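Chains, contacts and geometry: an overview
Residue-level listing of the chains:
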Amino acid sequence: MKDGLKFWNGYRADGLDFVRSHVEELTRLALRPETRLPFAVEGMRALGPITLPFYGESLSLLAPRELEVLAGEAVTLLRRTERGSRGAAAAVIAHASLQVPSVLTPHLPELFQLLPNEAAYYGEWPWRGADSSEVARLGTVARKAEEPPWHLCGFLVGARSDEALALAQRLFAPIDSPRLDRVLRQVGRELVDHRIRPLTSEAVFHVVFDDDYLRVDYSDPEHVWTHPTLLAEGLPAERSPFGGVLAERCGRCATPLARLLELSAILPELGVHSRSQVQFATCLWCQGSAEAPLYFSHDESGTPASLPEVRVSQPSTRHLRLNETVARVQRTRQRWRFQDWGLSTHRQNLHRVGGEPTFIGQYVYPRCPRCSGRMPFLLQFDSWLPLEGDAFLHWGGEGLAYLFWCDPCATSATFVESP
Ligand SMILES: [Zn+2]
Ligand SMILES: [Zn+2]
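Overview of the structure. Positions within a chain are numbered from 1, following the residues in the order the chain's sequence is written. Written order determines the labels here, with chains lettered from A and ligands numbered from 1. With the structure being a predicted model, the display of local features is reserved for residues of pLDDT at least 70 and the display and counting of side-chain atom pairs for 80 or more, all residues being used for whole-chain, interface and lining totals. Water and hydrogen atoms were dropped before computing side-chain values, which therefore reflect all heavy atoms in the structure.

Quick word on the packing of helix α9 (residues 150–159) against helix α10 (residues 162–185)
Two measures define how a pair of helices packs: the angle their axes make with one another and the distance between the axes. To keep things clear, this is the line we draw: Each axis is a line fitted through C-alpha atoms, and for a helix only the stretch in contact is used; angles between axes span 0 to 180 degrees, taken between their N-to-C directions. Secondary structure counts use DSSP, requiring at least four H or I residues in a row for a helix and at least two E residues in a row for a strand, with both numbered from the N terminus. Angular relationships are summarised with four words: roughly parallel below 35 degrees, roughly antiparallel beyond 145, roughly perpendicular across 65 to 115, and oblique for the angles in between. Here a crossing is called left-handed whenever its near helix is offset anticlockwise from the far helix by less than a right angle, and right-handed whenever the offset is clockwise. Note on definitions: a residue-residue contact is assigned when non-hydrogen atoms from the two residues lie within 4.5 Å. Charged means Asp, Glu, Lys or Arg here, nonpolar means Ala, Val, Leu, Ile, Met, Phe, Trp, Tyr, Cys or Pro, and polar covers whatever is left, Gly included.
The contact between α9 and α10 brings their axes to 9 Å, and the two run at 115°. Viewed along their axes, α9 and α10 adopt a mutual orientation that is roughly perpendicular. Note that α9 runs across α10; the crossing there is left-handed. Here Trp150, Leu152, Cys153, Gly154, Leu156, Val157 and Ala159 of α9 come into contact with α10, specifically with Ala164, Leu165, Leu167, Ala168, Leu171, Phe172, Ile175, Asp176, Arg179, Leu180, Val183 and Leu184. Residues that form the contact of α9 with α10 fall into these classes: 16 nonpolar, one polar and two charged.

What to know about the coordination of the zinc ion (ligand 2)
The test is simple: The rule for donors is simple: an N, O or S atom within 2.8 Å of the metal counts, and for Na, K and Ca the reach is 3.2 Å. Water is not among the atoms, so a site may look short of donors. Donor angles set the geometry label: tetrahedral for four donors if every angle is between 85 and 135 degrees, square planar for four and octahedral for six if opposite donors exceed 155 degrees and the others are between 65 and 115, irregular for anything else. Residue burial is assigned from relative accessible area. The probe radius is 1.4 Å, only protein chains are included, and a residue is buried under 20% of its type maximum, exposed over 50%, and partly exposed in between.
Donor atoms from the polypeptide that coordinate the zinc ion (ligand 2) comprise Cys368 (SG), Cys371 (SG), Cys406 (SG) and Cys409 (SG), at 2.3 Å from the metal. Between the four donor atoms coordinating the zinc ion (ligand 2), the angles at the centre fall across 105 to 112°, so the site counts as tetrahedral. Going along the chain, you hit the donors of the zinc ion (ligand 2) in the pattern C-x2-C-x34-C-x2-C. Pair noted here: Cys371 is in the loop between β11 (352–354) and β12 (377–382) and Cys406 is in strand β15 (residues 400–406), with a separation of 35 residues, a long-range link. Assessed through its relative accessible area of 39%, Cys371 is described here as partly exposed.

What about the environment of Leu108?
Of note, Leu108 is situated in helix α7 (residues 108–114). On the basis of relative accessible area, Leu108 is assigned to the buried category, the value being 0%. When the C-alpha positions of Leu108 and Asp131 are compared, they lie 9.6 Å apart, and in sequence the two are 23 residues distant. Leave out the neighbours within four places in its chain, and Leu108 touches Pro126, Trp127, Gly129, Ala130, Glu134 and Arg137.

Side note on empty space enclosed by the protein
Heads up, the rule is: Throughout, the protein atoms alone are placed on a 1 Å grid, and a set of points is a cavity if a 1.4 Å probe fits but cannot get out or a pocket if it is open with protein on both sides within 12 Å along at least five of seven lines; lining residues have an atom within 4 Å of a point. Grid points are joined across faces, edges and corners, and a volume is the space filled by probe spheres set on the points.
Taken as a whole and judged by the stated rule, the model has three cavities of 30 Å³ or more. Of the pockets and cavities examined, the largest cavity occupies roughly 70 Å³. Forming the walls of the largest cavity are His206, Pro228, Thr229, Glu233, Gln330, Arg331, Thr332, Arg333 and Trp336. Residues of the lining of the largest cavity, tallied by class, amount to two nonpolar, four polar and three charged.

Looking at the coordination of the zinc ion (ligand 1)
Within the protein, Cys250 (SG), Cys253 (SG), Cys283 (SG) and Cys286 (SG) serve as the donor atoms for the zinc ion (ligand 1), at 2.3 to 2.4 Å. What the four donor atoms of the zinc ion (ligand 1) show is an angle range of 101 to 114° at the metal, which sorts the shape as tetrahedral. Counting gaps between the donor residues of the zinc ion (ligand 1) yields the pattern C-x2-C-x29-C-x2-C. Remark: Cys283 occurs in the loop between β7 (278–282) and β8 (294–298) and Cys253 occurs in the loop between β5 (245–249) and β6 (256–263); sequence separation between them is 30 residues. Both residues of the pair, Cys253 and Cys283, count as buried.

So, the packing of aromatic side chains
To be explicit about the condition: Paired rings are identified among Phe, Tyr and Trp, the last through its six-membered ring, by centres lying within 6.5 Å, and are further divided according to the angle between planes into stacked (under 30 degrees), edge-to-face (over 60) and tilted (the rest).
Under the defined criterion, the tally for this structure stands at 20 aromatic pairs. Judged by centre distance (6.5 Å) and plane angle (15°), the rings of Phe359 and Phe404 are stacked. In this pair, Phe359 sits in the loop between β11 and β12 while Phe404 sits in strand β15, placing the two residues 45 residues apart along the sequence. Exposure remark for Phe359: the relative accessible area of 7% places this residue in the buried category. On the basis of an interplanar angle of 20° and a centroid distance of 5.3 Å, the ring pair of Phe404 and Phe415 is categorised as stacked. Within this pair, whereas Phe404 is found in strand β15, its partner Phe415 is found in strand β16 (residues 411–417), the two being separated by eleven residues in sequence. Judged on exposure class, the residue Phe404 and its partner Phe415 are both buried.

A closer look at the nonpolar core
Formally: Among the buried residues, those of types Ala, Val, Leu, Ile, Met, Phe, Trp, Tyr and Cys that are joined through side-chain atoms within 4.5 Å form a nonpolar core. For the domains described, the bounds stem from an automatic or database domain assignment.
Of all hydrophobic cores here, the largest spans 52 residues; its most connected members are Tyr55, Leu70, Trp127, Leu156 and Val157. The greatest single-element share of this core, amounting to nine residues, is contributed by α10. Here this core spans two domains, since at least three of its residues come from each of domain 1 (2–129) and domain 2 (132–198). Membership of the second largest hydrophobic core comes to 34 residues, among which are Leu322, Val329, Val353 and Trp405.

Below, the structure is given as structure tokens:
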């Protein structure tokens, strides 16, 4: 315990060196599980109001039962701080609400008063763990007000259960249904024709690449400890060719399209029923934006063609290619179904298929160019994918590329979001 306190107090003294020693400490902890919880509790107390991303990341090592104990300690600490506070205890609440929201369920009535992270985009996330009685309690609070306050809408929608969503619709649709629709998109849903429709799948997978493919440098202390989402586990649900280029060209710049995944076995779980296999692609040059995505129609064999069709007759000689490999698409453990770009601090695997996208700042689901309905999310890729030569691909800086799919139209859309 004493070592832990000394270590965390070292943060103030050592600055950046501390980060390196922290990674070494994480490795030590991974080897000695019995030290994890005391280390995390001491860290929370020592850091106090300081927000340290690496502290949050170390919570990934805790077993759910340990996270439950730590969350209880965090609530105790938060009672002594100002409402809406940030810092280490609030970070515990934020990470727990992503990883194991059920550990927060018994604390929700109290967190409703304390509101840690109130000003942050993840302030409402503890309500992912809301059970029936908490949903009923929120309903009672809402009905007491002359007009139900909108932060309650965020809590109810954030719970994601059918009963919570139905209650949110009953309370808030009559007041402002476009606003309810915007709140719903934060949890991968939309309000269309007076019904709440999912824009994401229940099934979630991670795309896992070989370390050699990603050119992980093991001499860099940053890579001593590997996040669980980066590890190959068990039999993959599917193996897919990845990288290189297709014969088809981009409709905007005529460069050959970059090959992303080619999926078949898991497509029904992702809500893809109109094609039995699909080749997903994008243009590394054009990349697309939320305002102007790149669109592709997919023929009966799932092969993409740019929408609108290629008009440039001059073949492009530009060269930008993702290295070719075979990627594992493996089912995601319950704990990592929800991830967040900001809280992952570049240490987690954000190459994901299905589930909710880890948007950086905006919750945009593009409109299908054929039927104009919102297109459900299908998959995303993080930056730092290796290009031919020594370079790495950065989507709009160090952003992410997202892909969406309209099943009736067999049409995909891709765009990039920058930090
Ligand atoms: Zn292009
Ligand atoms: Zn469509």
